[in-house]
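Overview (structure and organization)
Here is how the chains run, residue by residue.
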Amino acid sequence: MQNYLIRNIVVVNEGRTTVQDVWIKDHRIEKIAPNITISGNYTEINGEGKHLLPGVIDDQVHFREPGLTHKATIYSEARAAVAGGTTSFMEMPNTKPAALTQELLEDKYTIAQHHSLANYSFFMGAANDNVEEILKTNAKKESVCGVKIFMGSSTGNMLVDNYLTLETVFSNSELLIATHCEDEKIIRANMEAFQREKGDRLTAADHPLIRDVEACFESSLVAIQFAQKHNARLHILHISTARELQLFSNMLPLAEKRITAEVCVHHLHFTADDYAQYGNLIKCNPAIKAPENKTALWQGLLDDRLDIIATDHAPHTWEEKQLPYLQAPSGVPLVQHSLLLMLEYVKKGNITLEKVVEKMSHAPAICFQIKERGFLREGYYADCVIVDLQHQTNVNKENIHYKCAWSPFEGHTFPAAVTHTFVSGHLAYADGVFNENVLGQRLAFSR
């Protein structure tokens, strides 16, 4: 294992920004201090003028393996993540087959063990009829990130609308319960009304009116009622509406919250006005909505009602996205560019660099109780990323690493660059070149 000394770099960690040397040895951060002197074999990196951040922890991605590998694989998307400064991911269960049994769940861990350049964890999936399998995950609470429930809306057989199932899971799960909250009855009623009016003339611009604010709010409210009734640990994914913000609080420190919320980068960046330009390319669930929602989400993020920034990275092929609205699948590939996008908002003055680190690295580690990651601390795993805020990144076909080979940011120039990414002390990516000699590790949780 190679050791590294990063000299004179601006370390951004736990609300503080200081110029330090950082000594990385045998997977971990050995020392952070000014003017470190060491002996032996090591590689020195000049960090002058650059920033060192904890690696991003993305708590919601879809890497499509097994069964949908024409869209993406754990190998391809983990590489893309690392190129963008994301060192750990938590992947969703709605693959083919869906991760609805312990055996299928462990199959995904085995794939990642052999192919993932980033650290990894996988959610156990919920369906109306697999409660016994879900509750077996209690025995793995130190090695599985959580249980994922599609409450009210889903693809495939993962819609959980049986209240007895929900009662049982919320009252018995010892793991964090992550929910996708959209009310299927409201969505179906809206869809029927729009189809009566417009038939096959529906477009992506209709998407936020079909999957509307009411559908999100009603489903999130139900999830919170279940969690409060049973004192369950609930994390609601991809909040997309201003109205839902009234359901969340900033009165407690994150470590003490029983109910937390995530916002995704596309809901912070795009609005319904952008369907005219992007069409189905930004069709996703929950939908990107009217501009006032984006404004409210930013406010909720900055005042800590929203706890985590993630991506819901969900690649589909270019050909699939060119289909008519009703046939085009929902989802956007984002994991390679999430940190760069947030650094752009730092440059614009919307958010501080310290707050980006808090929401993309510290908060996921706290929320999921991840062991020894998410912070730049002596003794912790060296998951860290060097960024250059004076260098630009132009997104083009040649540097998009997703298997689907497209991005809504193609042609865009970010005013920052990811130059180095360390995963558990291994320099996995440097100046556009991958080193795949050492793979990522399975995340561990202190529960």
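As a reminder, the structure under discussion sits directly above these lines.
Here goes a summary of the coordinates provided. Since we're looking at a predicted model, the values are computed, not measured.

With that settled, consider unusual backbone geometry. Glu65 connects to Pro66 through a cis peptide bond whose omega is 10 degrees. Position of Pro66 relative to the elements: it lies in the loop between β6 (56-61) and α1 (74-83). Here the amide bond leading from Asn285 into Pro286 is cis, since omega sits at -5 degrees, within 30 degrees of zero. Mapped onto the secondary structure, Pro286 falls in the loop between α9 (275-278) and α10 (291-302). For Asp26, which is not glycine, the phi torsion reads 50 degrees and is therefore positive. Relative to the helices and strands, Asp26 resides in the loop between β2 (16-25) and β3 (28-33).

If you roll a probe as big as a water molecule over the atoms, it shows you where there is empty space left. Within this model, the second largest pocket holds a volume of roughly 310 Å³. Lining the second largest pocket are 17 residues, with Ala83, Thr393, Val418, Tyr429 and Gly432 sitting closest to its centre.

Time to look at the side chain of Ser219. Note on placement: Ser219 falls in helix α7 (residues 213-230). According to the relative accessible area criterion, Ser219 is buried, its value standing at 5%. Filtering out sequence-adjacent residues up to four positions away, Ser219 remains in contact with Met151, Cys181, Glu182 and Asp183.

This part is about the pattern of salt bridges. Going through the model one piece at a time under the given rule, you end up with 25 salt bridges. Between Asp304 and Lys359 there is a salt bridge, with its nearest N and O atoms 2.8 Å apart. With Asp304 in the loop between α10 and β15 (308-310) and Lys359 in helix α13 (residues 353-368), this residue pair connects regions lying 55 residues apart in the sequence. Looking at Lys359, the relative accessible area reads 2%, which means it is buried.

With that out of the way, let us pick up the packing of helix α12 (residues 338-348) against α13. In contact at an axis separation of 9 Å, α12 and α13 are set at 150 degrees when each is read in the N-to-C sense. Overall, the two elements α12 and α13 adopt an arrangement that is roughly antiparallel. Taken as a pair, α12 and α13 cross one another with a handedness that is right-handed. Contact residues: α12 offers Ser338, Leu339, Met342, Leu343 and Val346, while α13 offers Leu353, Val356 and Met360.

Under the 1.5 Å per step criterion, the end-to-end length of helix α5 (residues 184-198) is 21 Å for 15 residues, consistent within 8% with the ideal 21 Å. Every buried residue belonging to α5 is among Glu184, Ile187, Asn190 and Phe194, and all of these are buried. Axial view of α5: buried residues confined to an arc of 125 degrees, hence all on one face. The exposed set on the far side of α5, more than 90 degrees from its buried face, consists of Lys185 and Arg196. For α5, the side-chain oxygen to backbone nitrogen distance between the N-cap and Lys185 is 3.0 Å, and the N-cap itself is Asp183.

What follows covers the packing of helix α4 (residues 163-172) against α7. Between α4 and α7, the least distance of the axes is 9 Å, while the angle of their chain directions is 45 degrees. Taken together, the axes of α4 and α7 lie oblique to each other. For the pair α4 and α7, the sense of crossing is right-handed. Only Val222, Ala223, Phe226, Ala227, Lys229 and His230 of α7 make contact with α4, whose side of the interface consists of Tyr163, Leu166, Glu167, Phe170 and Ser171. Residues that form the contact of α4 with α7 fall into these classes: 7 nonpolar, 2 polar and 2 charged.

How each quantity is defined
- Sequence positions are assigned chain by chain, starting from 1 and proceeding in written order.
- The model is predicted, so local features are restricted to residues of pLDDT at least 70 and side-chain atom pairs to those at 80 or more, both for listing and for counting; the totals for chains, interfaces and linings are taken over all residues.
- Side-chain metrics rest on all non-hydrogen atoms present in the structure, leaving aside hydrogens and water.
- Where helices and strands are cited, they refer to DSSP runs of H or I of at least four residues and of E of at least two residues respectively, numbered from the N terminus.
- For cavity detection a 1 Å grid was placed over the protein atoms alone, and a set of points counts as a cavity when a 1.4 Å probe fits there but cannot get out; an open set counts as a pocket when protein lies on both sides within 12 Å along at least five of seven lines, with lining residues being those that have an atom within 4 Å of a point.
- Grid points are joined across faces, edges and corners, and a volume is the space filled by probe spheres set on the points.
- When a residue's accessible area, from a 1.4 Å probe over protein chains only, is under 20% of the maximum for its type it is buried; when over 50% it is exposed; and in between it is partly exposed.
- Residues count as neighbours in contact if any of their non-hydrogen atoms are within 4.5 Å of one another.
- A carboxyl oxygen of Asp or Glu within 4 Å of a side-chain nitrogen of Lys or Arg is what we treat as a salt bridge.
- Only C-alpha atoms enter the line fits that serve as axes; for helices the fit covers just the stretch in contact. Angles between N-to-C directions range over 0 to 180 degrees.
- The cut-offs work like this: below 35 degrees is roughly parallel, past 145 is roughly antiparallel, 65 to 115 is roughly perpendicular, and the gaps in between are oblique.
- Note: crossing handedness is left-handed where the near helix turns anticlockwise from the far helix by less than a right angle, and right-handed where it turns clockwise.
- A helix is expected to reach a length of 1.5 Å times the quantity of its residues less one.
- By construction, the arc corresponds to the directions joining the helix axis to the C-beta atoms.
- Polar contacts here mean pairs of N or O atoms no more than 3.5 Å apart (in protein, one a potential hydrogen donor and the other a potential acceptor; neighbouring residues in sequence count only if both atoms are side-chain atoms).
- Classification used: nonpolar for Ala, Val, Leu, Ile, Met, Phe, Trp, Tyr, Cys and Pro, charged for Asp, Glu, Lys and Arg, polar for all others including Gly.

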